[in-house]
Each structure stands twice: as structure tokens, then as C-alpha cells.
Amino acid sequence: MDKALQDLLAAATAGGTPAEIAGLPLPESMRAAVVRSSEATMFEGMASRDKDPRKSLHVDEVAIPPLGPNECLIAPMASALNFNTVWTSIFEPLSTFVFLKRFAKESDLGRRHDLDHHIVGSDAAGVVVRVGAGVTRWKAGDRVTVHCNYVDLEGPEGHDDSMMDARQRIWGFETNFGGMAELALVKANQLMPMPTHLTWEEAASLSLTLATSYRMLVSPNAGSMKQGDVVLIWGATGGLGGFAVQLVTNGGGIPVCVVSSPEKAELLRSLGVERIIDRADEDYRFWADGEQQPAEWRRLGKRIRELTGGEDPDLVFEHPGRQTIGASVFVTKRGGTIVTCASTSGYLHEYDNRYLWMNLKRIVGSHFANYKEAWEANRLVNLGMIHPILTRTYPLDQVAEAAYAIHTNQHTGKLGVLVNADQEGLGVADAAKRERFAGPLSAWKHLT
Ligand code: NAP
């Protein structure tokens, strides 16, 4: 590791004063996980499943981004994989360099992001090492996690809900300088206090999927779940689903969890979940010969009623998209809500609209979370009411392997990445508090 970075990290993690940390020089360059613009067409003409992130994701030596007003430079000790890094690395649905070029047209500060490399990563936990002009709430040495909602709020649209800002972006996906780098550039209003009982990699594995699930289920901006609601959760041991299960249970809801293997079903059982559907074992085929199969929707609906004593879902937690949306719309209770935040299996959705309008159901679009929602979700973690679902942590050099595991659905829960931390298990500020949550903190570890 570069000597300047070493000194900076030593001061920032071992109680250096803000002035001491800010007085230390930055390194000349840094290591970062990137895709390269020169390779943006490398997978053209290939099927999605054949596009291999191990060919397109690299760890390169790149320049340190210049700090602007209301921004902070942080040293991520750890980051985490999200599905958006898979999308970036397979250049789907479009190359993320298009987002960076669009950003460059907006402002001088936006122009910094338009480079020949895109630093990925939309989650991080680490320490602040520099604060820009106008930053008053954070200082060098603060231990932070980062949420990925990147907004200026210059226009009026986002002032009720910052996700409505016309220039809202996802950091590390629609912006450059994401979390998988020795130094990362964030807006001050992306920072949150790091939960005191967690390691760097656990803290880094939370925000993107936890806050998305929080908004989808809990927030009045989307699901507004209430006690007793039956909630169908697709991918219940995935990055979103693992938090959805906890949020539904905490809120007095009744999760009905769909997974695709006996191991995943067993994990859920060990966490106290009772209503589980193994979609692989029960062999649901919602599409056959290019057509939706309503008989399969009915079979799923019947199975849900068996598990719930005859009830249909008040809420469906949707993200697989094309493969499942027809079934999701069908099985939802009269007057119920399908909340969707993604289309992993395809964007062009088909469902039978008669089941929607005649039964007064709603499909609600949801996207990440505003600062308040992300903060509330982070607070639940700090209170020990929500726990990380980290199963495996990779060194930065192996980030492409981690992306490949997600692309091929070989993972469970979240996959972490060590950036400046040289080993797992570091960063815990309150060991006694950690001890109190030892059980749930070990439940998901090393499953993949
Ligand atoms: P993940 O960790 O891969 O988990 C998704 C789970 O969905 C998988 O583990 C799989 O579980 C299930 N699944 C996948 N394909 C399926 C299919 N065809 N039918 C039924 N189930 C299927 O990913 P994630 O982090 O939860 O993210 C899921 C999606 O949401 C991605 O497309 C991601 O880009 C998107 N997302 C959007 C936002 C947003 O703000 N809009 C935020 C986070 C994520 P089983 O195989 O066990 O069933």
C-alpha cells in the first residue's frame, strides 16, 4: 500500500484529530475496481448469461478525484457487491459511461465524472479523510457508512422526497468514484454514522439493499406495510429479500418467502421463518413456449393459501420482473399492492390486467430510498433490530469473482469486499454490544 495512504488510514482510524488527518497528504493515485470505456462493446451480440464480469471488471491504478463543495473524500475500509455492479460490468441495459457523459453535460462538477474508467460500488463503510467547502456535519476521522442516493436538490421537485429530484442519481452506478476504491468521493448528505457493533465489511454490506427494501415495504412512499399483512417475498435470501424478511417480521407482518434451494429454505427456517416456497423444488413455470401460464399462477396462489390458512398477499415484494410479474399480479389480494423495484429477468412485463383492475390492485414503482429512509433503516441496524446478511467477503482483487457469483445466482445474502481493511473482523467500536447480538450476527456467515 502507498505510504501516504498508510499514514492517512493510520491517523483516520486511530483517533487522529480532524486537523491532523486533514494535514496529511493524499496519495498520488489509488487502486480501484473499474470498467474501462475502451471495453464497453466487448460483449455485443452475446446473451446476458454469457457476459462474464471477470472479463470486464479490473482493479486499476487511477487518479484521486478532486473534492468539490459539499463533498467528502472517504477511505472505504470495505464495500459490497450489488446487482448494479453486475449491470455495469455486463454493460446492460446500457453502458454506464452513457450516465457519466450525461452527468458531464450538467455542470463542471459533473464533468469530473466523465473519464475512461468508471469506479464501481454503491455501498461503503470507512472513515472521512477530507471535507469540502460548506460541509458542517461531518469531519475527518468520522466513521461512516454511505447511502447511494446522490442529489443536489437545486430544483423544487425533490424537496418532499429526494428520490423525486430530476437529477437524482445512484452513486457508483450513475456517478463515478464509487465505493470500491481506496478513496471515494461522496456528497456529505450521503453519510450516516456507522453502526457501532459492526465490522467494516458488515457495515458496508447494508445500505443499498436494506434502504431499498425499507422504502418498498415500510415507507408511505411505497408499501406502507401494516401489522398482520401477508407479504410475498421473491428471492427471500437475496440482497433485497434478506432484509425484506427481517423488516416484515419486525413490523408484525407475515412473510411468505420464495427461494430456489433446500439450503436457502433451511437458512430461513433457522431464522424462524415458517412459510417457505422452494420455487425450484415445486417447479413453477410461469412461462412456457413464449406464453404466460395462468395455470401456474393459480398453482402458486393455491400454495400461498395453504401456507397462510387461506389468505392472499396484501403486498408482493417484486423484483425478478418478467418471469414473475404475471404471477405476482394474480396472487395479490383484492385491493393489495405489488411493489416493484427491478426487472432482473426482463423489463417488458406482461400480466393479465383483468386481475388488476377488477380487483382494485395497484402496482407501485419504487427506487432506492431518500436520505431519511436510508437513515431510519441504518438506525434499525444500530439498534440491533435489523442484522447484516453478509455471507462472504472478497479481497478487492477478487471483486470480479464476486460479481460473477451474483450474475449466476450462486450467492446467498450479500457479498462484501475488503478495500482498505487488510482482513475481516476489524472496525468494531462497541464489543459488548456486538456480544449481545452474537447469534443473529453469525446466522448468515459463510453460506456460500
Ligand atoms: P440478488 O442478491 O441476486 O437476489 C435476487 C434473488 O431473486 C435471487 O437470489 C433469486 O433468489 C431471485 N430471483 C432471481 N431471478 C429470479 C426469477 N427469474 N424468478 C424468481 N426469483 C428470481 O439481487 P438483489 O440485490 O436482491 O437485487 C435484485 C434486483 O433488484 C436486481 O435486478 C437489482 O438490480 C435490483 N435492485 C434495484 C434497486 C432499486 O433501487 N431500484 C435496489 C436494489 C436492487 P432464488 O433463486 O433463491 O429464488
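This text goes with the structure placed above it.
Residues numbered from 1 in each chain as written. Predicted model: local features only at pLDDT ≥ 70, side-chain atom pairs only at ≥ 80, totals over all residues. Heavy atoms only, no water.

(A) Summary view of the side chain of Asp 352. Mapped onto the elements of the fold, Asp 352 is located in the loop between β17 (337-340) and α13 (353-357). In this structure the side chain of Asp 352 is engaged in a polar contact, spanning 2.4 Å, whose partner is the side chain of Arg 354. If we ignore the near neighbours within four places in the chain, the residues touching Asp 352 are Trp 297 and Val 329. (Helix = DSSP H or I, 4+ residues; strand = E, 2+ residues; numbered from the N terminus. Polar contact = N/O pair within 3.5 Å; in protein donor to acceptor, adjacent residues only side chain to side chain. Contact = heavy atoms within 4.5 Å.)

(B) Quick peek at the site of the ligand. Among the 25 residues in the neighbourhood of the ligand, the closest are listed as Ser 260, Arg 279, Thr 344, Phe 368 and His 411. Here Phe 368 contributes a backbone N or O atom positioned 2.8 Å from an oxygen atom of the ligand. A distance of 2.7 Å separates an oxygen atom of the ligand from a polar side-chain atom of His 411. Protein chains bury 89% of the 910 Å² of accessible surface belonging to the ligand in isolation. Counting only elements with at least two residues in the shell around the ligand, the list comes to α4 (83-90) and α8 (207-217). Ranked by residues supplied to the shell around the ligand, first place goes to α8 with 3 residues. A per-class count over the shell around the ligand returns 9 nonpolar, 14 polar and 2 charged. (Near = heavy atom within 4 Å. Areas by Shrake-Rupley, 256 points an atom, 1.4 Å probe, with all protein chains shown as cover. Nonpolar A, V, L, I, M, F, W, Y, C, P; charged D, E, K, R; others polar.)

(C) How the structure looks around α8. With respect to burial, α8 is a largely interior element, 11 of its 11 residues being buried. Burial in α8 covers these residues: Ser 207, Leu 208, Thr 209, Leu 210, Ala 211, Thr 212, Ser 213, Tyr 214, Arg 215, Met 216 and Leu 217. (Buried < 20%, exposed > 50% of the residue type's maximum accessible area, 1.4 Å probe, protein only.)

(D) How the structure looks around the state of the cysteines. In total, this model carries 0 disulfides according to the counting rule given. Cysteine Cys 72 is unpaired, with the sulfur of Cys 148 as its nearest cysteine sulfur at 17 Å. Unpaired in terms of disulfides, Cys 257 finds its nearest cysteine sulfur in Cys 341, a separation of 16 Å. Judged by its relative accessible area of 0%, Cys 257 is buried. (Disulfide = S-S within 2.5 Å.)

(E) Structural view of the pattern of salt bridges. In the structure shown here, the tally under the stated rule is 31 salt bridges. The partner of Asp 7 in a salt bridge is Lys 3, with the nearest N and O atoms 2.8 Å apart. A residue pair is termed a helical-turn pair when its members lie 3 or 4 positions apart in one helix, as Asp 7 and Lys 3 do in helix α1 (residues 3-13) at 4 residues. Lys 3 sits in the exposed class, given a relative accessible area of 54%. A salt bridge links Glu 39 to Arg 36; the nearest nitrogen and oxygen atoms lie 3.5 Å apart. Where salt bridges share partners, they join Arg 31, Glu 182 and Asp 397 into one cluster. (Salt bridge = Lys/Arg side-chain N within 4 Å of Asp/Glu carboxyl O.)

(F) Region of the structure containing the packing of aromatic side chains. Inspection of the entire model under this criterion finds 10 aromatic pairs. Plain terms: the ring middles of Trp 297 and Tyr 355 are 6.4 Å apart, the flat faces sit at 85° to each other, and that makes the pair edge-to-face. Taken as a pair, Trp 297 in helix α11 (residues 294-308) and Tyr 355 in helix α13 lie far apart in primary sequence, 58 residues in all. The ring centre of Phe 103 lies 3.9 Å from the NZ or CZ of Arg 169, which sits over that ring. (Phe/Tyr/Trp six-rings, centres within 6.5 Å; stacked < 30°, edge-to-face > 60°. Lys NZ or Arg CZ within 6 Å of the ring centre and 35° of its normal.)

(G) The arrangement of unusual backbone geometry in detail. In this structure, the amide linkage connecting Glu 92 to the following residue, Pro 93, adopts the cis form with an omega of -5°. Among the structural elements, Pro 93 can be located in the loop between α4 and α5 (97-104). Its identity is not glycine, yet Leu 153 carries a phi of approximately 60°, on the positive side. By the secondary structure assignment, Leu 153 is in the loop between β7 (149-150) and β8 (169-170). Phi at Phe 177 takes a positive value of approximately 65°, unusual for a residue other than glycine. Tracing the chain through its elements places Phe 177 in the loop between β8 and β9 (184-187).

(H) Examining the sheet that holds strand β2 (residues 58-63) more closely. Sheet architecture is open: 3 strands sit in the order β2-β1-β4, paired in antiparallel fashion. Looking at the sheet topology across the chains shown, the edges are occupied by β2 and β4 (117-119). Pairwise comparison of adjacent strand axes, ignoring direction, gives a mean angle of 65° for this sheet. As defined by bridge partners, strand β1 (residues 29-36) adjoins β4 across 3 bridges and the pair is classed as antiparallel. (Pairing = 2+ DSSP bridges. Axes fitted to C-alpha atoms, helices over the stretch in contact; angles between N-to-C directions.)

(I) Structural view of the nonpolar core. The biggest cluster of nonpolar side chains holds 66 residues, and the ones touching the most others in it are Ile 119, Val 129, Leu 183, Trp 200, Leu 217, Ile 233 and Leu 268. The residues that make up this core include at least three from each of domain 1 (3-209 + 370-445) and domain 2 (223-365). (Core = buried A, V, L, I, M, F, W, Y, C linked by side-chain atoms within 4.5 Å. Domains from an automatic or database assignment.)

(J) Local environment of helix α10 (residues 262-270). Those residues of α10 that sit buried are Lys 264, Ala 265, Leu 267 and Leu 268. Buried residues of α10, seen end-on, are gathered within an arc of 155° and therefore sit on one face of the element. Seen from the open side of α10, the exposed residues pointing more than 90 degrees away from its buried face are Pro 262, Glu 263 and Ser 270. Here the buried face of α10 lies against α9 (241-250), β12 (254-259) and β13 (276-278). Of the residues flanking the end of α10, it is Gly 272, one or two places downstream, whose phi is positive at about 95°. (Arc of directions from axis to C-beta.)

(K) Spatial organisation of the layout of surface pockets. Of the voids in this model, the second largest pocket is the one considered here, and its volume is about 500 Å³. As for the second largest pocket, its lining consists of 28 residues, of which Val 151, Asp 152, Leu 153, Lys 187 and Asn 189 are closest to the centre. Within the residue set of the lining of the second largest pocket, elements represented by two or more residues are α6 (108-111), β7 and α14 (371-382). Each residue belonging to the lining of the second largest pocket can be placed in one class, and the counts come to 9 nonpolar, 9 polar and 10 charged. (1 Å grid on protein atoms, 1.4 Å probe; cavity = no way out; pocket = protein on both sides within 12 Å on 5 of 7 lines; lining within 4 Å. Points joined across faces, edges and corners; volume = space filled by probe spheres on them.)

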